[in-house]
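Okay, here's what each chain looks like letter by letter:
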Amino acid sequence: SDPGGDLPSDKRHRPPPAEGRTLSADRRLYERHFPLYKQPLEVGCFSLDARRNFFNDHRQLRYYVEPRRSPDFNLRDGYTSRFIKRDDGVKEKLDHMLRWILENRHKMQNSNSSSCALGVDFVTWRGHLTKVLTTPYETQEGWMMAACKFRGSIYISEVETEQARENRETRSERQEEMMYWGYKFEQYTCADGADGTPDPGGVVNTNEAFCTVVQTRLADHKLLFSGEVDCRLKDPDAPPAPGCYVELKTSAEICTPKQRSNFHRYKLLKWWAQSFLPGVPQIIAGFRDHDGIVVSVETFQTSKISQMIKNEYNCWKPTVCMNFCSDFLTFVKSIVKEDDPRLVYLFSWDPRRDVTYTVHRDSTHTFIPDWYIKDMTS
Ligand code: 0WD
Ligand code: CA
């Protein structure tokens, strides 16, 4: 990349200034009482079809169909012949969320119309917040988050790190195939309608998505974020969204105490953070062997995960995740003061380091599109 790319040519090859303040991610600093986290409220949803077209409705929502006691799901089936993969080199940034906001602006309660058009402090993807939540425990991968303020709200959009791009471009054939397994498991367990049955003979197309949009509050931060939802319970008496939503996962079968401990320490942290944020109450996991055969299916209640892991020595704590996230958002608010979407603050974090930031005016990091600014200003 070209860190000096948005500076005048005489200042190129010099990195942009690293501004003074930083934020520690040391987990010991965040062991406080659990911060307020309001019950997430679904304010809308949208769907992306097989060609990644946006629809302001739930047409892509699927229904969970409980598998037989010993399922014989072969997750490798169809990988070479019935798989259409989304192009993950295309960076959509917040575009689909922004489209949803434009089409649903009237629904957003507006407590302070003069300074804040949407009445929220932050707009982002759920997946970006998941990365922030797990930061105090992450030892492998860093992140970069671009942030800017527009009409009183701060928008946060992830920027792929050099390392993440490298990893994405050099995945092994085995890794590529294993990424398919999660989607294949969804196809084995989801039907298009409440009375339908799954169609394992169909094509897996990862362009298709159903996303919920939720509003909530973490400490004094009003949040609006969207996350992809795999399916819902088909029982019409199930609680209203997001209480009826189900997150589907696949994971390697657990055969040894060491594997169980690693599952609790690393995987359950990510699963918990992802589902806790939007208030998805259950996670259904297919455990598979090395050949991609599902050997068992287990349900995890999101609210019980923190109890499950308490026997692990020196394990992760939800309160540390939530307090770090709250403090990160406070840190972002203290820096992103100027209301100008062309002014982007790039927050970076690497394992064993503090969060730092740099400032970029009219650069390639600008991510709020003109069509959004025009429509919101008119
Ligand atoms: O442009 C970007 N930087 C990103 C865009 C990064 C992440 C997501 N997205 C968009 C896409 O439009 C996608 O439809 O967000 C949507 C999903 O957002 P999310 O729910 O906030 O993301 P996350 O919680 O990380 O992932 C949820 C699911 C994943 O399921 P698993 O069980 O593997 O966690 O969304 C899928 C995946 O199935 N997914 C993605 N789908 C499309 N593009 C992406 C992605 N980049 N990442 C995960
Ligand atoms: Ca999933």
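Check the entry above for the structure.
**A look at the overall build of the chain**
- When helices and strands are tallied, the chain shows 8 helices and 17 strands.
- Relative to its length of 378 residues, the chain is compact, with a C-alpha radius of gyration of 21 Å against a globular reference of 21 Å.
- Burial statistics for the chain: of 378 residues in total, 50% are counted as buried.
- Intrachain contacts of the chain at a sequence separation of at least 6 include 72% that bridge at least 24 residues.
- Taken as a whole, the chain presents about 18,900 Å² of accessible surface, with 47% of it coming from carbon and sulfur.
- A distance of 4 Å separates the average location of the 53 positive side-chain charges in the chain from that of its 53 negative side-chain charges.

**Focus on the site of ligand 1**
- Around ligand 1 there are 17 residues in total, and R52, R126, G127, E228 and K249 lie nearest to it.
- R86 is positioned such that a nitrogen or oxygen atom in its side chain is 2.8 Å from a nitrogen atom of ligand 1.
- Here an oxygen atom of ligand 1 sits 2.8 Å away from a polar atom, N or O, in the side chain of R126.
- For ligand 1, whose free accessible area comes to 760 Å², the fraction covered by protein is 76%.
- At the level of secondary structure, the elements contributing two or more residues to the shell around ligand 1 comprise α2 (126-134), β11 (221-228) and β13 (245-252).
- Of the residues contributing to the shell around ligand 1, the split by class is 4 nonpolar, 5 polar and 8 charged.

**Describing the nonpolar core**
- By size, the foremost hydrophobic cluster in this structure holds 50 residues, and its most contacted members are F300, W316, F328, F347 and V355.
- Residue contributions to this core peak at 10 residues, all from helix α7 (residues 318-335).
- Sequence-distant contacts of W316, that is, excluding residues within four places in its chain, are made with Y137, H264, R265, L268, L269, W272, I305 and I309.
- Judged by nonpolar contacts, the second largest core, of 31 residues, contains I101, W125, A146 and F367.

**Section: the coordination of the calcium ion (ligand 2)**
- At the metal site, the calcium ion (ligand 2) is ligated by D230 (OD), E247 (OE) and L248 (O), and these contacts range over 2.3 to 2.5 Å.
- Each donor residue of the calcium ion (ligand 2) lies on one chain, and together they are spaced D-x16-E-L. Note that D230 is positioned in the loop between β11 and β12 (231-232) and E247 in strand β13, a separation of 17 residues in sequence. When sorted by exposure, D230 lands in the same class as E247, which is buried.

**Concerning the pairing of strand β5 (residues 122-125)**
- Side chains F122 and T124 of β5 all project onto a buried face; the interleaved residues V123 and W125 project onto the opposite face, where all are buried too.
- Note: β5 against strand β7 (residues 153-159), 2 bridges, orientation parallel. Considered in β7, the bridge of F122 is made with I154.
- Looking at chain direction, β5 and β11 are connected through 4 bridges and run parallel. Within β11, the position partnered with V123 by the bridge is L224.

**Some words on the pattern of salt bridges**
- Summed over all chains, the structure comprises 28 salt bridges.
- A salt bridge links R52 to E92; the nearest nitrogen and oxygen atoms lie 2.8 Å apart. Highlighted residues: R52 in the loop between β1 (41-48) and β2 (54-55) and E92 in the loop between β4 (83-84) and α1 (95-104), separated in sequence by 40 residues. Each member of the pair, R52 together with E92, is buried.
- Where salt bridges share partners, they join K85, D88, R171 and E176 into one cluster.

Conventions adopted
- Residues numbered from 1 in each chain as written.
- Chains lettered and ligands numbered in written order.
- Predicted model: local features only at pLDDT ≥ 70, side-chain atom pairs only at ≥ 80, totals over all residues.
- Heavy atoms only, no water.
- Helix = DSSP H or I, 4+ residues; strand = E, 2+ residues; numbered from the N terminus.
- Rg over C-alpha atoms; globule rule 2.2 N^0.38 Å.
- Buried < 20%, exposed > 50% of the residue type's maximum accessible area, 1.4 Å probe, protein only.
- Contact = heavy atoms within 4.5 Å.
- Areas by Shrake-Rupley, 256 points an atom, 1.4 Å probe, with all protein chains shown as cover.
- Lys, Arg positive; Asp, Glu negative; His and termini not counted.
- Charge placed at Lys NZ, Arg CZ, Asp CG, Glu CD.
- Near = heavy atom within 4 Å.
- Polar contact = N/O pair within 3.5 Å; in protein donor to acceptor, adjacent residues only side chain to side chain.
- Nonpolar A, V, L, I, M, F, W, Y, C, P; charged D, E, K, R; others polar.
- Core = buried A, V, L, I, M, F, W, Y, C linked by side-chain atoms within 4.5 Å.
- Donors = N, O, S within 2.8 Å, 3.2 Å for Na, K, Ca; no water.
- Pairing = 2+ DSSP bridges.
- Salt bridge = Lys/Arg side-chain N within 4 Å of Asp/Glu carboxyl O.

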